[in-house]
Amino acid sequence: MELTKKQRFYRILLLGLLSAIGPFSIDMYLPGFPAIAADLHASVDQVSYSLSSFFVGICAGQMLCGPLLDRFGRKRPLYVGLALYVVASLGCAVAGSIEALIGFRFLQALGGCVGMVAPRAIVRDTFPVSENAKVFSMLILVIGVSPIIAPSAGSFVVTAFGWHAVFLVLALVTALLLVAVFFFLPESKPLDPSFSLKPKPILSNFMLVLKEPQFYTYAFTGAIASAGLYAYLSGSPFVFMELFKVSEQHYSLVFAIIAIGLITSSQLNNLLLKNYTSEQIIRWALRTQAVVGLLLAIGTVTHLLELYSTIFLLFLFLSCQGFSFPNASALSMAPFSKEAGSASALMGAIQMGLGAIASAAVGWFFNGTALPMTAVMAGCALTSLVVLGFGRKQIAYKTAWADVEEQAFDLIERY
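What you see is a predicted model, and the numbers here were worked out from it, not measured in a lab. (Residues numbered from 1 in each chain as written. Predicted model: local features only at pLDDT ≥ 70, side-chain atom pairs only at ≥ 80, totals over all residues. Heavy atoms only, no water.)

## Let's talk about the overall build of the chain
Moving on, step 1. Along the chain, the regular secondary structure elements total 16 helices and 0 strands.
Moving on, step 2. Here the chain, with 415 residues, has 50% of them falling under the buried criterion.
Moving on, step 3. Taking as baseline every contact in the chain between residues at least 6 positions apart, the subset at least 24 positions apart corresponds to 84%.
Moving on, step 4. In the form shown here, the chain has an accessible surface area of approximately 19200 Å², with 70% of it arising from carbon and sulfur atoms. (Helix = DSSP H or I, 4+ residues; strand = E, 2+ residues; numbered from the N terminus. Buried < 20%, exposed > 50% of the residue type's maximum accessible area, 1.4 Å probe, protein only. Contact = heavy atoms within 4.5 Å. Areas by Shrake-Rupley, 256 points an atom, 1.4 Å probe, with all protein chains shown as cover.)

Structure follows, in structure tokens:
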């Protein structure tokens, strides 16, 4: 049944709001880091572990969501996931220790990750293939705008009502989305009892994907590069609000300005693709990001960076992310059709897993300066460039062998 224009609008809006649960969960409580640290008798770097635990939960949850959505349809996993998210958010709001907050953030991520995975599957189920790219771009736009809105909203809530209220707002909004899913989102895929949830076939699909050189090259290249973004998310509250003495309100403004670079570059990427290949764009972006990362780290060590130069370099660093990650994602998924679901889930898990490590590393190496954040960011950019160079050799090697095998088969058939 073809959707009317009104139905299409509300369907995409609801899917976009579901997709924004993850970004809002990450960005909205960042301005509250100092208040959380003071209230729970912890340091800001200890509070950043709650961000790391969220990334770990998202990573593990995505691996579970894909098979569950194929087995039980789209809505049942959404009900369970969103309900878990609401309960965990209430737990975050009443957490009396940093350990409790870290644990509830993990559960919050396990529930919230269904909002990241299910919309992509529902788009494939509901809309014609020719329109999927357009619909996905609209969902991505919502996710891209979230880093601008969420910190500002979080700053207002923290200032007016305290950090506990941030999690109450997230719980309330997600509860409303759960109601909207129940009443306004039709089931797009029926329950499939034939789909196996046994570990062996699921792991076999993942291993098949991992053996493909083009997948592991670009999936790890994009994930390692984007891990620099998570290092920034983890370290920026301390750097700006503690070192540079930026207020919570001004921090949300700085966060929004830097996020604009990411959004703008992702839109410019579409224009560049008219004249350049994804391989060319990602090489240029990673080289630039590596240089900017080194400037950030060197500037921190030499104490040459002040507030505005730090903002400028961070703007450039994350703008490169807008070019590298979309192209890396497209290139890593290109070899797959039947295994696209497994590839998508695995790519998301790798991204969030490495993001969690980078986020935690900022806390591990905390020394009261901006160096842990800037050094991890520089390390991520340089490592992704090395992985790309190594991986491209593996892709070329496999392509060469495939050509040799094809020529051999042609000779056998000829003679």
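## A few points about the packing of aromatic side chains
Moving on, step 1. The full count for this structure, using the stated rule, is 14 aromatic pairs.
Moving on, step 2. Ring plane angle 70° and centroid distance 5.1 Å describe the contact between Tyr-29 and Phe-33, whose orientation is recorded as edge-to-face.
Moving on, step 3. According to the relative accessible area criterion, Tyr-29 is buried, its value standing at 1%.
Moving on, step 4. Site record: aromatic cluster; members linked through ring pairs are Tyr-232, Phe-240, Phe-244, Tyr-251 and Phe-255.
Moving on, step 5. Arg-105 extends its terminal NZ or CZ atom over the ring of Tyr-29, reaching a point 4.1 Å from the ring centre. (Phe/Tyr/Trp six-rings, centres within 6.5 Å; stacked < 30°, edge-to-face > 60°. Lys NZ or Arg CZ within 6 Å of the ring centre and 35° of its normal.)

## Some details on helix α14 (residues 307-333)
Moving on, step 1. With 27 residues, α14 extends 39 Å between its outermost C-alpha atoms, agreeing within 8% with the 39 Å of an ideal straight helix rising 1.5 Å per residue.
Moving on, step 2. The N-cap residue of α14 is Glu-306: its side-chain oxygen and the backbone nitrogen of Tyr-308 are 3.1 Å apart. (Expected span 1.5 Å × (residues − 1). Polar contact = N/O pair within 3.5 Å; in protein donor to acceptor, adjacent residues only side chain to side chain.)

## Quick look at a nonpolar patch on the surface
Moving on, step 1. Taken together, Phe-9, Tyr-10, Leu-13 and Leu-17 make up a surface patch of nonpolar side chains, about 400 Å² in accessible area.
Moving on, step 2. Inspection of the secondary structure puts Leu-13 in helix α1 (residues 5-19).
Moving on, step 3. For Leu-13, a relative accessible area of 39% translates into the label partly exposed. (Patch = residues over 30% accessible without salt bridge, like charges linked within 9 Å, V, L, I, M, F, W, Y side chains within 5 Å. Salt bridge = Lys/Arg side-chain N within 4 Å of Asp/Glu carboxyl O.)

## What about the packing of helix α11 (residues 213-243) against helix α12 (residues 248-272)?
Moving on, step 1. As a packed pair, α11 and α12 sit with axes 10 Å apart at the nearest point and diverge in direction by 135°. Relative to α12, the element α11 is oriented oblique. You can see that α11 and α12 cross each other, and the crossing is right-handed. Listed contacts from α12 to Tyr-232, Leu-233, Ser-236, Pro-237, Phe-240 and Met-241 of α11 are Glu-248, Tyr-251, Val-254, Phe-255 and Ile-258.
Moving on, step 2. The residue inventory of the contact of α11 with α12, partitioned by class, reads 9 nonpolar, 1 polar and 1 charged. (Axes fitted to C-alpha atoms, helices over the stretch in contact; angles between N-to-C directions. Parallel < 35°, antiparallel > 145°, perpendicular 65-115°, else oblique. Left-handed = near helix turned anticlockwise from the far one by under 90°. Nonpolar A, V, L, I, M, F, W, Y, C, P; charged D, E, K, R; others polar.)

## Structural notes on α12
Moving on, step 1. Its 25 residues give α12 an end-to-end C-alpha distance of 36 Å, which sits within 8% of 36 Å, the value for a rise of 1.5 Å per residue.
Moving on, step 2. Among all positions of α12, only Tyr-251, Ser-252, Val-254, Phe-255, Ala-256, Ile-258, Ala-259, Gly-261, Ile-263, Ser-265 and Asn-269 are buried.
Moving on, step 3. With a side-chain oxygen lying 3.2 Å from the backbone nitrogen of His-250, the N-terminal cap of α12 falls on Ser-247.

## As for the nonpolar core
Note that soluble globular proteins tend to have their nonpolar side chains buried in a common cluster.
Moving on, step 1. Membership of the largest hydrophobic core comes to 88 residues, with the highest contact counts inside it found for Phe-55, Leu-78, Tyr-232, Leu-233 and Phe-240.
Moving on, step 2. Examining the composition of this core, we find that 11 residues originate from one element, α11, more than from any other.
Moving on, step 3. Contacts of Leu-78, omitting those with residues within four sequence positions, involve Leu-18, Val-114, Ala-118, Ile-122, Leu-178, Val-181 and Leu-185.
Moving on, step 4. Judged by nonpolar contacts, the second largest core, of 11 residues, contains Ala-343, Ala-345, Met-347 and Ile-350. (Core = buried A, V, L, I, M, F, W, Y, C linked by side-chain atoms within 4.5 Å.)

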